[in-house]
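In case you want the letters, here they are:
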Amino acid sequence: MLRIGVIGCGYWGPNLIRNFSQLNGSNVVMCSDLSSKRLEHMKSLYAQIDTSEDFHDILRRDDVDAVVVATPPQTHRDIALAALQAGKHVFVEKPLALSVEEVSDLVAAAKRSGLTLMVGHTFVYTAAVNKIKGLIDAGELGDIFYISSTRVNLGIFQEHINVVWDLAPHDVSILNYILGGMPESVATQAHGYIRDDVEDVAFLTLRYGRGVMAHVQVSWLNPNKIRRTIVVGSKKMLVYDDVSPLEKIRIYDKGVSVMPHYDTFGEFHLSYRFGDIYIPRLDDSEPLKVACQHFLDCIAGKEGGRSAGGAGLDVVRVLEAADASIRDNGRPIEIVPVGSGTTED
Ligand SMILES: NC(=O)c1ccc[n+]([C@@H]2O[C@H](COP(=O)([O-])OP(=O)(O)OC[C@H]3O[C@@H](n4cnc5c(N)ncnc54)[C@H](O)[C@@H]3O)[C@@H](O)[C@H]2O)c1
């Protein structure tokens, strides 16, 4: 039974407390928040959990094996580093931290101490994203041409990070995971419409090599909540709508091919294929529960780490380059490859 301390009980932290409390292999023993009101609320839900406004009280306890960090991103590096230095395994909500330098400190500290460091890239634990990865890996969609992803809604406006750092970690972690690697470059156009110093709308173009292009639109300034990813391959096309309760993935047997024989441009013909649409049945487990179980399995040495520190570092390298591109009027910024994020490193 792994004993867990949760730091940060705002909007997202209670979901982590609930999941780690319900899993067979873990138990939440303490939680911390700067707000006494939030702690009173948590105590009203979980009478047996100790609370403190000082997260160091969690780190000082010998009976806490692992710490979950669900505080605002600008605090992640310091809290997670202190937890690793106190000998605790650490699960940090996305983004792992706010620069490559900060994340590298965490990855190095985890490696030195042999502790598990995992980032909450929730979407790589969804049945839909794993189905898409399976289809791509099995060649069902053919060669991937391009991917287009839209993650927009109204709010929640952040003060310390722009919309790229808030929402794009999801898209970049999905793209890196399903394509099995890092983009070679990212170009980003963004603007702050409500506050001119914090971009609230952004358009990222990522080049993944072998001609694979990805486009990501993220916004806090949109009337509807849209979570849609379109994957276009040489054989089939796919639409993933995360907001749809029952039909999250539709696979379209549609495509275009060039007719094999032609001598002149006048004879150049395309053949369009309009086949069936297939909606696969997906497991409806809560992705966060799967992620929490994965953390326990990583600590037990049963899993290699689907979103280990290295994967968190890969995502932050892309976000940092996207930010640099915004400051440089959307110029593509090259991302120099270093290692892969798919293993625990
Ligand atoms: N995986 C997901 O789908 C998902 C969804 C929402 C949020 N998140 C992530 O979860 C994290 C928290 O987001 P949120 O929306 O819950 O933010 P929030 O502002 O609602 O909550 C953060 C809480 O942390 C507390 N806090 C701040 N500094 C602290 C400290 N030093 N010690 C103890 N408590 C402290 C605050 O008092 C606040 O209650 C962010 O990293 C965010 O990106 C992830």
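Everything that follows concerns the structure shown earlier in this document.
To start, this report covers the structure provided alongside it. Since the model is a prediction, treat every value here as computed from it, not as a measurement. (Residues numbered from 1 in each chain as written. Predicted model: local features only at pLDDT ≥ 70, side-chain atom pairs only at ≥ 80, totals over all residues. Heavy atoms only, no water.)

1. Re the packing of helix α7 (residues 163–179) against helix α9 (residues 309–327)
Right, so step 1: Relative orientation of the contacting elements α7 and α9 amounts to 125°, with a least axis distance of 9 Å. What the angle tells us is that α7 and α9 run oblique. For the pair α7 and α9, the sense of crossing is right-handed. Taken together, the residues of α9 that come into contact with α7 (itself represented by Val 164, Trp 165, Ala 168, Pro 169, Val 172, Ser 173 and Asn 176) are Asp 314, Val 315, Val 316, Val 318, Leu 319, Glu 320, Ala 322, Asp 323 and Ile 326.
Right, so step 2: Its residues placed into classes, the contact of α7 with α9 shows 11 nonpolar, two polar and three charged. (Axes fitted to C-alpha atoms, helices over the stretch in contact; angles between N-to-C directions. Helix = DSSP H or I, 4+ residues; strand = E, 2+ residues; numbered from the N terminus. Parallel < 35°, antiparallel > 145°, perpendicular 65-115°, else oblique. Left-handed = near helix turned anticlockwise from the far one by under 90°. Contact = heavy atoms within 4.5 Å. Nonpolar A, V, L, I, M, F, W, Y, C, P; charged D, E, K, R; others polar.)

2. Observations concerning the packing of aromatic side chains
What characterises a pair of aromatic rings is the spacing of the ring centres plus the angle enclosed by the ring planes.
Right, so step 1: Counted according to the given criterion, the structure contains five aromatic pairs.
Right, so step 2: Taking 6.1 Å as the distance between ring centres and 75° as the angle between the ring planes, the aromatic pair formed by Phe 20 and Phe 295 counts as edge-to-face. Within this pair, whereas Phe 20 is found in helix α1 (residues 13–22), its partner Phe 295 is found in helix α8 (residues 287–299), the two being separated by 275 residues in sequence.
Right, so step 3: When its relative accessible area of 0% is taken as the criterion, Phe 20 is described as buried.
Right, so step 4: In textbook terms, an aromatic cluster arises when at least three aromatic residues are bridged by ring pairs, as seen for Phe 20, Phe 91 and Phe 295.
Right, so step 5: Here Lys 133 stacks its cationic end above the ring of Tyr 177, 5.1 Å away from the centre of that ring.
Right, so step 6: Above the plane of the ring of Phe 123 lies Arg 151, whose end atom (NZ or CZ) is 4.6 Å from the centre. (Phe/Tyr/Trp six-rings, centres within 6.5 Å; stacked < 30°, edge-to-face > 60°. Buried < 20%, exposed > 50% of the residue type's maximum accessible area, 1.4 Å probe, protein only. Lys NZ or Arg CZ within 6 Å of the ring centre and 35° of its normal.)

3. Quick notes on the pattern of salt bridges
Right, so step 1: This structure, assessed with the given rule, holds 19 salt bridges.
Right, so step 2: Its salt-bridge partner being Asp 171, residue Arg 151 comes within 3.0 Å of it at the nearest N-O pair. With Arg 151 in strand β7 (residues 144–154) and Asp 171 in helix α7, this residue pair connects regions lying 20 residues apart in the sequence. Per residue, the accessibility class of Arg 151 equals that of Asp 171, and both read buried.
Right, so step 3: A salt bridge links Arg 250 to Glu 247; the nearest nitrogen and oxygen atoms lie 2.7 Å apart.
Right, so step 4: Given a relative accessible area of 36%, Glu 247 falls into the partly exposed group.
Right, so step 5: A cluster of three or more residues bridged by salt bridges with shared partners is formed by Asp 50, Arg 61 and Asp 63. (Salt bridge = Lys/Arg side-chain N within 4 Å of Asp/Glu carboxyl O.)

4. Let's talk about the packing of helix α5 (residues 100–113) against α9
How two helices pack is summed up by the angle between their axes together with the distance between the axes.
Right, so step 1: Contact geometry of α5 with α9 gives a least axis separation of 9 Å together with a crossing angle of 175°. On the basis of the axis angle, α5 is roughly antiparallel to α9. Across the interface between the two elements, Val 100, Val 103, Ser 104 and Val 107 from α5 touch Gly 309, Gly 310, Gly 312, Leu 313, Val 316, Arg 317 and Glu 320 from α9.
Right, so step 2: Split into classes, the residues belonging to the contact of α5 with α9 amount to five nonpolar, four polar and two charged.

5. Describing the site of the ligand
Right, so step 1: Around the ligand sit 20 residues in total, of which Tyr 11, Trp 12, Asp 33, Lys 94 and Thr 122 are the nearest.
Right, so step 2: Contacts to the ligand include Asp 33, whose side-chain N or O atom sits 2.6 Å from an oxygen atom. (Near = heavy atom within 4 Å. Polar contact = N/O pair within 3.5 Å; in protein donor to acceptor, adjacent residues only side chain to side chain.)

6. Some words on the sheet that holds strand β10 (residues 213–219)
Right, so step 1: Sheet architecture is open: nine strands sit in the order β14-β13-β12-β11-β7-β10-β9-β8-β15, paired in mixed fashion. In this open sheet, the two strands that pair with only one neighbour each are β14 (270–278) and β15 (333–334).
Right, so step 2: In this sheet, β10 lies alongside strand β9 (residues 201–207) in antiparallel orientation, the contact comprising seven bridges. Paired with Ala 202 across the strands is Val 218, a residue of β10.
Right, so step 3: Docked against the sheet, helix α6 (residues 127–137) engages β7, β11 (221–233), β12 (237–241) and β13 (249–258), running at close to 170° with respect to β12.
Right, so step 4: Contacting β7, β8 (185–191), β9 and β10, α7 runs over the sheet at an angle of about 155° to β10. (Pairing = 2+ DSSP bridges.)

7. Here we look at empty space enclosed by the protein
It is the rolling of a water-molecule-sized probe over the atoms that shows where space remains empty.
Right, so step 1: With the rule as written, the count across this model stands at one cavity of 30 Å³ or more.
Right, so step 2: Roughly 30 Å³ of internal volume is contained in the largest cavity.
Right, so step 3: Residue lining of the largest cavity: Phe 123, Ser 149, Thr 150, Arg 151, Asp 171, Arg 227, Arg 228, Thr 229, Tyr 240 and Asp 242, and that is the complete set.
Right, so step 4: At the level of elements, β7 and β11 are the ones that each hand at least two residues to the lining of the largest cavity.
Right, so step 5: Split by residue class, the lining of the largest cavity holds two nonpolar, three polar and five charged. (1 Å grid on protein atoms, 1.4 Å probe; cavity = no way out; pocket = protein on both sides within 12 Å on 5 of 7 lines; lining within 4 Å. Points joined across faces, edges and corners; volume = space filled by probe spheres on them.)

8. Concerning the nonpolar core
Right, so step 1: Ile 4, Ile 17, Phe 20, Ile 178, Leu 204, Leu 206 and Leu 238 are the most contacted members of the largest nonpolar core, which has 103 residues in total.
Right, so step 2: Counting residues per element, this core draws most heavily on α7, which supplies 11 residues.
Right, so step 3: Those residues within four positions of Ile 17 in sequence are excluded, and the remaining contacts are Val 6, Cys 9, Val 28, Cys 31, Met 42, Tyr 46 and Ile 49. (Core = buried A, V, L, I, M, F, W, Y, C linked by side-chain atoms within 4.5 Å.)

9. Details of the pairing of β8
Right, so step 1: Of the strand pairs in this sheet, β8 and β9 are connected by seven bridges, and their pairing is antiparallel. In the strand pairing of β9, Ser 185 is matched with Arg 207.
Right, so step 2: Here β8 runs beside β15; their pairing, made up of two bridges, is antiparallel. Among the inter-strand pairings, Val 186 is bridged to a residue of β15, identified as Ile 333.

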